[in-house]
Amino acid sequence: MARVLIIDDDDVVRTILLRTLTRGGHEATGARDGVEGVALFRENPADLVITDIFMPNQEGLATIMELRRNAPSLKIIAISGGGARASLDVLPVAEALGAQKTLRKPFTPSEVMDAVRAVLGE
């Protein structure tokens, strides 16, 4: 069982991910943006962070960079649907900044669990 922190400003997506991971046997917590997510990570470090890219207050790329500075070996999955900038593909940038895996929204629970298993080496 891994500790997973989910950072996504969309309440529905965050809730679905929390339920999916909990049902998959993981301990999951959620944050609404990068600022809240980094603060939660500092209080209780996770084994894996799943972060959205486009969020208010602190977006995902800055969040990945900050988490990577503080925890170089942290496992990270970046997710994005593109938001209002749907034509902008930033997932390769997230990988360059240290995300081990990326997922495009919409994704299925099984795709999430496959990515989690792959990143955690399960």
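Residues numbered from 1 in each chain as written. Predicted model: local features only at pLDDT ≥ 70, side-chain atom pairs only at ≥ 80, totals over all residues. Heavy atoms only, no water.

**Overview of the overall build of the protein**
Phase 1 of the analysis: In terms of regular secondary structure, the protein is built from 5 helices and 5 strands.
Phase 2 of the analysis: Mapped in sequence order, the helices and strands of the protein form the string β-α-β-α-β-α-β-α-β-α.
Phase 3 of the analysis: Its C-alpha atoms give the protein a radius of gyration of 13 Å, near enough to 14 Å, the size a compact globule of 122 residues would have.
Phase 4 of the analysis: Projected onto its principal axes, the C-alpha positions of the protein cover 35 × 30 × 25 Å. (Helix = DSSP H or I, 4+ residues; strand = E, 2+ residues; numbered from the N terminus. Rg over C-alpha atoms; globule rule 2.2 N^0.38 Å.)

**Focus: the packing of helix 1 (residues 11-23) against helix 5 (residues 109-120)**
Any two packed helices are characterised by how steeply their axes cross, that is the angle between the axes, and by the distance between the axes.
Phase 1 of the analysis: As a packed pair, helix 1 and helix 5 sit with axes 10 Å apart at the nearest point and diverge in direction by 60 degrees. On the basis of the axis angle, helix 1 is oblique to helix 5. Crossing handedness for the pair helix 1 and helix 5: right-handed. From helix 1, Leu 17, Thr 20 and Leu 21 reach across to helix 5, where they touch Pro 109, Val 112, Met 113 and Val 116.
Phase 2 of the analysis: Residue composition of the contact of helix 1 with helix 5, by class: 6 nonpolar, 1 polar and no charged. (Axes fitted to C-alpha atoms, helices over the stretch in contact; angles between N-to-C directions. Parallel < 35°, antiparallel > 145°, perpendicular 65-115°, else oblique. Left-handed = near helix turned anticlockwise from the far one by under 90°. Contact = heavy atoms within 4.5 Å. Nonpolar A, V, L, I, M, F, W, Y, C, P; charged D, E, K, R; others polar.)

**Some words on helix 1**
Phase 1 of the analysis: If you check helix 1, its first and last C-alpha atoms are 18 Å apart, about what 13 residues at 1.5 Å a residue would give, namely 18 Å.
Phase 2 of the analysis: Listed in full, the buried residues belonging to helix 1 are Val 13, Arg 14, Leu 17, Thr 20 and Leu 21. Along helix 1, the residues classed as buried sweep out an arc of 130 degrees about the axis, all on the same side. Exposed residues on helix 1 whose side chains face more than 90 degrees from its buried face are Val 12 and Arg 23. (Expected span 1.5 Å × (residues − 1). Buried < 20%, exposed > 50% of the residue type's maximum accessible area, 1.4 Å probe, protein only. Arc of directions from axis to C-beta.)

**Structural notes on the packing of helix 2 (residues 34-43) against helix 3 (residues 60-70)**
Phase 1 of the analysis: Where helix 2 contacts helix 3, the two axes come as close as 10 Å, and the packing angle between them is 15 degrees. It follows from the interaxial angle that helix 2 and helix 3 lie roughly parallel. For the crossing formed where helix 2 meets helix 3, the hand is right-handed. Two secondary-structure elements touch here, helix 2 through Gly 34, Val 38, Phe 41 and Arg 42 and helix 3 through Thr 63, Glu 66, Leu 67 and Asn 70.
Phase 2 of the analysis: Residue composition of the contact of helix 2 with helix 3, grouped by class: 3 nonpolar, 3 polar and 2 charged.

**Things to note about unusual backbone geometry**
For residues that are not glycine, phi is negative in most cases, and the peptide bond is trans in most cases.
Phase 1 of the analysis: The residue after Lys 105, namely Pro 106, is reached through a cis peptide bond having omega 0 degrees.
Phase 2 of the analysis: Topologically, Pro 106 is positioned in the loop between strand 5 (101-104) and helix 5.
Phase 3 of the analysis: Positioned with a positive phi, Asn 57 is a non-glycine residue whose angle comes to about 70 degrees.
Phase 4 of the analysis: Position of Asn 57 among the secondary structure elements: in the loop between strand 3 (48-52) and helix 3.
Phase 5 of the analysis: Taking relative accessible area as the criterion, Asn 57 reaches 69% and is therefore assigned exposed.

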